[in-house]
Amino acid sequence: MSVNELFTKLTRVWVPDPDDVWKAAEITRDYKEGEAVLHLQLEDGTPLEYQVGPKANALPFLRNPDILVGENDLTALSYLHEPAVLHNLRVRFLESNNIYTYCGIVLVAINPYEQLQIYGEEVITAYSGQNMGDMDPHIFAVAEEAYKQMARDEKNQSIIVSGESGAGKTVSAKYAMRYFATVGGSSSDANVEEKVLASNPIMEAIGNAKTTRNDNSSRFGKYIQIGFSRHYHIIGANMRTYLLEKSRVVFQAEEERNYHIFYQLCASASLPEFKDLSLMSAEDFTYTSLGENIFIEGVNDADDFKKTREAFTLLGIKESSQSSIFKIMASILHLGNVEIVSERDGESCHVARNDVHLQHFCRLLGVELKQMDHWLCHRKLATASETFVKTMSCQQAINARNALAKHIYAHLFDWIVEHINKALHTSSKQHSFIGVLDIYGFETFEVNSFEQFCINYANEKLQQQFNSHVFKLEQDEYMKEDIPWTLIDFYDNQPCIDLIEARLGILDLLDEECKVPKGTDQNWAQKLYKQHSSSGHFQKPRMSNTSFIIIHFADKVEYQCEGFLEKNRDTVYEEQINILKASEFQLVADLFQDKSDAPPSKASKVNVRSLKTVPKVPNKEHRKTVGHQFRSSLHLLMDTLNATTPHYVRCIKPNDLKEAFSFDSRRAVQQLRACGVLETIRISAAGYPSRWTYPDFFSRYWVLMRKSDLTSADKKQVCKNLLETLIKEPDMFQFGKTKIFFRAGQVAYLEKLRTDKFRSACIKIQKTVRGWLQRIRYRRVRRAAIGLQRYGRGYLARRYAEFLRQNRAALICQKQYRMVRERRKFLRIRRATVTIQAYARGMFTRRIFWEFMLHHKAMLIQKHVRGWLQRKKFRQALDAAIIIQCAFRRMQAKRQLKQLKIEARSAQHLKKLNTGMENKIVQLQRKMDEQSKELKTQNEQLVTANASLGSEVTKLQKQLEQVRSQQPDGGQVESLQEEVERLREELQEAQAHRKRMEEEHGNEKLSLSQRVEELEAENALLKVEKDELNRRIQQQTMNSAAKESSASLEMELNQLRERYQDLIKEYSRLERRYDNLKEEMDLSKFQPGHHRNPSNQSSLESDSNYSSVDKYVGETDDSIQQVKEMGEENAAMDISLFMKLQIRVRELETERKRLQVNLDKMEEQAKCKGPEPKTPTSDVATGDLVYNNLKRQELETENKKLKNDLNELRKTIAERATQDGSSNELQDEYNLLLSQLKSANEELDARKEEVLILRTQIVSNAKKNSEPNESEVDGGLNSSKEPLDKEEALKAYHGLCESKNNLQDWCVLNEDGELGLAYQGLKQVARLLEAQLQTQTRQHRDELEALHTQIELLKDDLEKKQELLNYMSTLSPEAKVDYTVQQELTRLTNSNLELKGMVEKMEKNERKLRKQLRIYMKKVQELAAQAAAHDVDQNKDEKNKMIQKDIRMTKVKNFEGMLEYLKEDEARLIKTLITDIQPSTVSATVPCLPAYILFMCIRHADYINDDQKVISLLTSSINAIKKVLKRNNDDFEMISFWLANSSRLLHCLKQYSGEEAFMTQNTTKQNEHCLKNFDLAEYRQILSDLSIQIYQQLIKVAQGIIQPMIVSAMLESESIPSLAGVKSMGYRNRSSSMDTDADGPTTYTLQGLIRQLSQFNSIMRDHGLDPEVVGQVARQLFHCINAFTLNNLLLRKDICSWSTGMQLRYNTSQLEEWLRANNLFQSKASATLEPIIQAAQLLQVKKKTSQDAEAICSLCTALTVQQIVKILNLYTPLNEFEERVTVSFIRNVQSVLQERNDPPQLLLDTKHTFPVLFPYAPSALSLEAVRIPPSLGLDFLVRSGPAPSD
């Protein structure tokens, strides 16, 4: 294309700028070739006339289209030049926060000065196995490329990380090594990868320091070789270091620090182990305080020192060696504080007297103080004839001291590196290695010295190697595509390298000057001027004679000659070194031993020779210079790099202020030029930088083709025709085998043509659409005008009609108003007239009424006076009659009382009395019923009387009215009125009498029924209160808080289940690891004639993970006997056995303590009571014994009841305290408890009162009718219903004896003796009541104390739980889960031990019953055998056949779902049914047939009560299943088959266990098949764990199958054809990481992924796997699909577009449709796709306004903030008509999402596994219906059933 075509109006260009380096501008006028001015306009609107021409500036650089801005690879840009590279890096760094960018084979890494969440384990997993161009640029992508090429090409690799100080070289190298350590983990248990990573903190401590540019600057170069085995696992590592900056030990510039280790030591000086080092603060040491700032913001030196020590320990450096290292470090600090004082002459000096630091220095290094004091200020001069000792000046002594400090530190540094290499060394053979080179970048300062010279020399060598490698790759690419190769001119820096290292070069002249005795820096400079003045890369400064300039590849650098010779010599006086060699510490002496004196090591495996032979050093005086050593090591490094495949990482420092995400263009351009990135761009731009494959080119530019070309099948020819038509210059493009190569700018030209084509099409579409819109608008306006006219005319007509209606309405309103006004006036006058008449008539009527009332009241007074007189007379007569009656009745009562007293002394009276008391309640009830009947009759009579009286009153009132109307005379009226009043009074009296009768009957009824109801109420009180308490608890557990707590508990349960299954997964992994190691050991130790030692176990024992030796052993003696039988070694492996022994020991210890406490109490009681008086007769002792037995039985019974009630109440309170923790509810429950106890005590008191009454009667009766002997009294007492207290009974007994002796005295009181007897009975009763009251008081006090104690315990328990809750609230979620799991495990362990103890006790009783059952069974079998012996032949073989025939016949008739086999056929059964079986052999039979067969065999072993057979069968089956799964660890069908069978066997063990919870869905026949003798709950847990392990293995295999398909099917395949656009991918699209096979890389489609999922589903369902488990598998696989898809989307800029969102939404809908079609939509699998669905919607929604930002935030609830922002940053438009997402919009989204508390994790965890549940699924298949196919070869199994009955 010509200039006139390129530089047209609106074309954007780059112009130079002094501040921003380059500025964007736009051409405002077309430029014609030859014009001197180019008219531009800057982005801020400023016009600019840019001068162009041969003498002025060249034409400015063209800008790339916006669609190419922000590309992952700089070589994908159409215009490749410096401003395009700088702008692309700036946009990616500031707008998208992407710190990594590809530039061909170079990874450009910009230091963000901020911690980014892009280096986690999930990111490593996402990049592992990916091609380098498939993902976004990352250091992990470079590491994966190196790892993959090492494995594929079997060639060593190198990663070269370079950059200036502060650019992030060390961090990049660290992350690369972390990637290798994670992906290539060691195959053994040596944890080599951890040691490799542990070397980083050590090297940072001793080799990194703070500089003005970097807080953690590496002051040395290092090359780490990570060795790999043949299987590409890390087996070792080796480290080489280069050019340590020793001068930093003794000098630091302002705001800089010494090496970190010194400050770490000073920060930890207070530790006790460092007291001997005599350390102080870093401010007090000269070597650490020169920079005047000893702290780094955000760095804790003490914590870093702990990490350094841990790293030393991990690398195997002993504590003694660490202590010696720290002593040497401390001695260097003390050496810097040694004070050297000058003498007066100025030519000599001495150390200050009693210098403490010198003493510490000598003590720490173990050298003599006097010698060191002397040789610090003196030196030795040796001549040919003699040796002189010369004094040194103060400055010379200080220089010598500093040189000694640097020398000590350098040797210690080398020693540490050497021991790190020893720790990382391996004896295994290294197959290949990957080297990571972390080396300083090009440096230029205001003052450049020897260090900068060496650094820049090394960068010259590396740049030469980099240029040649890039050139070679370009050549290989052209050769591979058969494109004519034209030699590209690139910068060759070999002349500059020759200037430095060639013969008579700068280094040679420097070494030569160092050999001269009086050589100086000035003389060396003059030699340089003389020798190299003609060189093109060497210049002499104009204003200096002690400096020189070298023109490096990056820039000109001026070096100051001062100090070159001294630093090159690195002089240390030999006398001081000899003192250190004589140290008493071995480490110090070893540091300074000459390596040249040591014999060569034969163990060295690497023999490296330099390019040039180095002459042998004649003596120690002429040792190698620093420059010579550095050149040799650099040559060795280059040889290593040339022998490997290099990978380049260039680190860029964006600014000098260390600000996060701040970009300084000038600093960035300077580093881009220095690190070779622009040279790579220049080499690429010199050829054909843009490369497109034919399909991509066709897909992108098909719009430029003719319609006839689109139908052609030969896409390659179509592309050729199109390019030949569009681009007239044939040199602008080349056709390769698979790609089209373009010159720079040609892709931009094609994009311009494509844009113009789209623009013209858009204009045509817009023209048509706008005309259509205008026509629609005209029609709409016309319709609106007609409508407005119609509505206007109608409105006017309606308004006129409304006027007429209002006029008519006004007339009507006037008429009505006038009528209402007149009517209101008339009504007002009428109301006034009526009111006057009413008041007049009322006045006259009231006067008549008052006269009548006065007459009536006079009559009433007369009536009441006469009645009162008559009643008074009647009462007097009545009182006289009553007095007479009383006198008569008293006389009759005295007679009757005398008669009753006589009768009371007879026995018949007592019988009647007892009979009366028993029937009292019945009589009272009968009496109450009779009175109720009487009350009913009286009520009826009263009702009848009321009715009659009411009717009479009404009759009389009617007569009165008739009389009044007939006769005006009022006399008869008055009489009638009096009669009415009288009747009313009688009625009132009758009513009052009725009320009194009702009250009397009611009171009597209450008194009678109260006694009956009291017992019922008291007995039902506890029951009612208990039911009420249970009801309250149930209601409280059913409220909303309980639902929330249940939800949280369910979540915690899921977390615990997940952690438990993770532990099972880890356990299975360790188990497999153990098996593998054991097999390896067995193979390595196998020798002919080898005999197994006692420690070797059988295969059965080694595979069994659960001991079953002590299955039914519960007693201690049995356990001990079993230990003796098994032997100590085998018994030690049985954990359950020792757990049971431990429980038994604990129980015995508890029992012993209880007995000891009881014994102590008895002794104390015996001491307190003293010796008891002996009873006079043996009958009393006998009574005491009887009493004690009865009392003990009663107390035991009551104690058991109270304990049961107390335990129930305690359990209720504990449950409520656990759920709510409310103190108020505890108080209510405590009050409830007291009320229950109170009611119980009241009931007890009532019962005891009745007993006392009966006892009193019995005692009095015995007194009267029996002989007065003690035996009868005792017998009466002991035969009572309830035994009394001992003291109470003794008092009663002695009281009876006294009453017996004094009987005659009491009888004297009256003639019958009844008063004395009554008094005696009352006295005994009082004593008994008092004794019982005291006993009850003591009991109540004890119970109250026990309750108080219990309440205190509950309060303590609550306080502890509250403390636990407070403590847990302070923990993090992960720590909280761990703590909860730990507490739960402790609780479950304790409860498990208690339950095991209870089980053992129950099993003991069960064994006794089984023994009896076995005895009976043996007898029955003997009888059956005797009966069968008469019918069979004596021949043994025929007898066996007949028995089997009988068994088969019996089995056919009475088959109960059992299979019998012989013990020796067990191995055959396991081999046939498990080891050798294939799923296809049983595909046509019942699903899970092996599980049914195994269970039927277990049923038979249970039927015959053979525990060993059950244990052996289950253990062998589990171990065989594990072996089969281990052998077929990647066979999905086999794993699914055994998962289905294991879970079915588990369900069978539950279904036929006999537990009610599992029998609800069984048939009657299935319930009959339940196990009878064994409880296999322990093996159910084993099978559950085994099922979990199989499930996890199944998920792992399934994920491994679909993982390669996910990204290609979900993101790359075109489910909707021709939707996705294609963009150029740059150099990485032709990376060497791509597969080069003929068929190319395998691609997968969505249909292929769905077919694979359908295959999984069909396999699992064919094998009979439970639908719930199938749903969980689908959920886990869909989570895997979602995680890998979203992670890949977040790490790939090229697919974050609108079309990808459309494709992705379609793909997810297809997956959801597949779930519905397979009835899996309810398995929560679709919910796992929610993040990727929202990501697809985010790619499709509008992204402009603030409303769009709020809509995005409300839409993307399943995505984290980081994921949303990342997708928005990665969003890439596929053409220029689509706008980019602006930075302001992304910031707006971030501000809206600030309230979210999302985790900082960017990628999803692809290894997350949902906890699996195996819900109980009973089988409807009956066991007797199972049929075994003959093809299985299980003929030795015999169907079995119960013996037939006669």
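Structure: above.
Just so you know, these numbers come straight off a predicted model, no measurement behind them. (Residues numbered from 1 in each chain as written. Predicted model: local features only at pLDDT ≥ 70, side-chain atom pairs only at ≥ 80, totals over all residues. Heavy atoms only, no water.)

**Q** Outline the pattern of salt bridges, listing residues and values.
**A** Inspection of the entire model under this criterion finds 30 salt bridges. For Asp17, the salt bridge goes to Lys23, with nearest N and O atoms at 3.8 Å. Under the relative-accessibility criterion, Asp17 is labelled buried at 16%. For Lys23, a relative accessible area of 29% gives the class partly exposed. Of the charged contacts, one joins Lys737 and Asp482 as a salt bridge, the two residues approaching to 3.5 Å between their closest N and O atoms. Of this pair, Lys737 sits in the loop between β23 (733–735) and β24 (739–742) while Asp482 sits in the loop between α14 (450–480) and α15 (494–501), and the two are 255 residues apart along the sequence. Classification of Asp482 by relative accessible area gives exposed; the value is 52%. (Salt bridge = Lys/Arg side-chain N within 4 Å of Asp/Glu carboxyl O. Buried < 20%, exposed > 50% of the residue type's maximum accessible area, 1.4 Å probe, protein only. Helix = DSSP H or I, 4+ residues; strand = E, 2+ residues; numbered from the N terminus.)

**Q** Please set out the packing of aromatic side chains residue by residue, giving values where relevant.
**A** For the structure shown, the criterion picks out 37 aromatic pairs. For the ring pair Tyr147 and Phe228, a centre distance of 5.7 Å and an interplane angle of 65° mean the geometry is edge-to-face. Here Phe228 lies in strand β11 (residues 221–228) and Tyr147 lies in helix α4 (residues 139–153), a separation of 81 residues in the sequence. Measuring from centroid to centroid gives 5.8 Å for Phe538 and Phe548, while their planes differ by 20°, and the two rings are stacked. Taken as a pair, Phe538 in strand β18 (residues 538–539) and Phe548 in strand β19 (residues 547–551) lie far apart in primary sequence, 10 residues in all. Judged by its relative accessible area of 4%, Phe538 is buried. Accessibility expressed as a relative area gives 0% for Phe548, which makes it buried. Put simply, the rings of Tyr119, Phe140, Tyr147, Tyr175, Tyr179, Phe180 and Phe228 pair up and form one aromatic cluster. In this structure, Arg1716 packs its charged tip against the face of Phe1721, placed 4.3 Å from the ring centre. (Phe/Tyr/Trp six-rings, centres within 6.5 Å; stacked < 30°, edge-to-face > 60°. Lys NZ or Arg CZ within 6 Å of the ring centre and 35° of its normal.)

**Q** Let's hear about the environment of Ala660: which residues, and what values?
**A** Following the sequence through the fold, Ala660 ends up in the loop between β21 (645–652) and α22 (665–675). Using a relative accessible area of 38% as the deciding quantity, one classes Ala660 as partly exposed. C-alpha of Ala660 to C-alpha of Glu114: the two residues are 546 residues apart in sequence and 5.8 Å apart in space. Non-local contacts of Ala660, meaning those with residues more than four positions away in its chain, are made with Pro112, Tyr113 and Glu114. (Contact = heavy atoms within 4.5 Å.)

**Q** Break down the nonpolar core for me, citing the residues and quoting the values.
**A** Formed by 322 residues in total, the largest nonpolar core has its most connected members in Phe180, Met372, Leu404, Tyr409, Trp524, Phe548 and Leu1689. Take this core: its biggest share by element is 18 residues, from helix α49 (residues 1577–1612). Aside from chain neighbours lying at most four places away, what touches Tyr409 is Ile206, Gly207, Leu244, Val249, Tyr259, Ile261, Phe262, Met329 and Ile332. (Core = buried A, V, L, I, M, F, W, Y, C linked by side-chain atoms within 4.5 Å.)

**Q** Describe the sheet that holds strand β22 (residues 690–693), and please don't skip the residues or the numbers.
**A** Taken together, three strands build an open sheet; the order of strands is β22-β24-β23 and the sheet is antiparallel. The strands lining the two open edges of the sheet, one partner per strand, are β22 and β23. Each adjacent strand pair in this sheet contributes to an overall mean axis angle of 20°, direction not counted. Looking at chain direction, β22 and β24 are connected through four bridges and run antiparallel. Directly across from Thr693, in β24, lies its bridge partner Lys739. Along the sheet, helix α26 (residues 715–726) contacts β23 and β24; its crossing angle with β23, the most-contacted strand, is approximately 160°. (Pairing = 2+ DSSP bridges. Axes fitted to C-alpha atoms, helices over the stretch in contact; angles between N-to-C directions.)

**Q** Just give me the short version of the packing of helix α10 (residues 319–336) against helix α13 (residues 394–424), but keep the residues and values in it.
**A** Packing of α10 against α13 brings their axes to within 10 Å, and their N-to-C directions diverge by 160°. Classified by the interaxial angle, the pair formed by α10 and α13 is roughly antiparallel. The interaxial crossing formed by α10 with α13 has left-handed handedness. For the pair formed by α10 and α13, the contact residues are Ser321, Ile325, Ile328, Met329, Ile332, Leu335 and Gly336 on the first element and Arg401, Leu404, Ala405, Ile408, Tyr409, Leu412, Trp415 and Ile416 on the second. Per-class residue counts for the contact of α10 with α13 are 12 nonpolar, two polar and one charged. (Parallel < 35°, antiparallel > 145°, perpendicular 65-115°, else oblique. Left-handed = near helix turned anticlockwise from the far one by under 90°. Nonpolar A, V, L, I, M, F, W, Y, C, P; charged D, E, K, R; others polar.)

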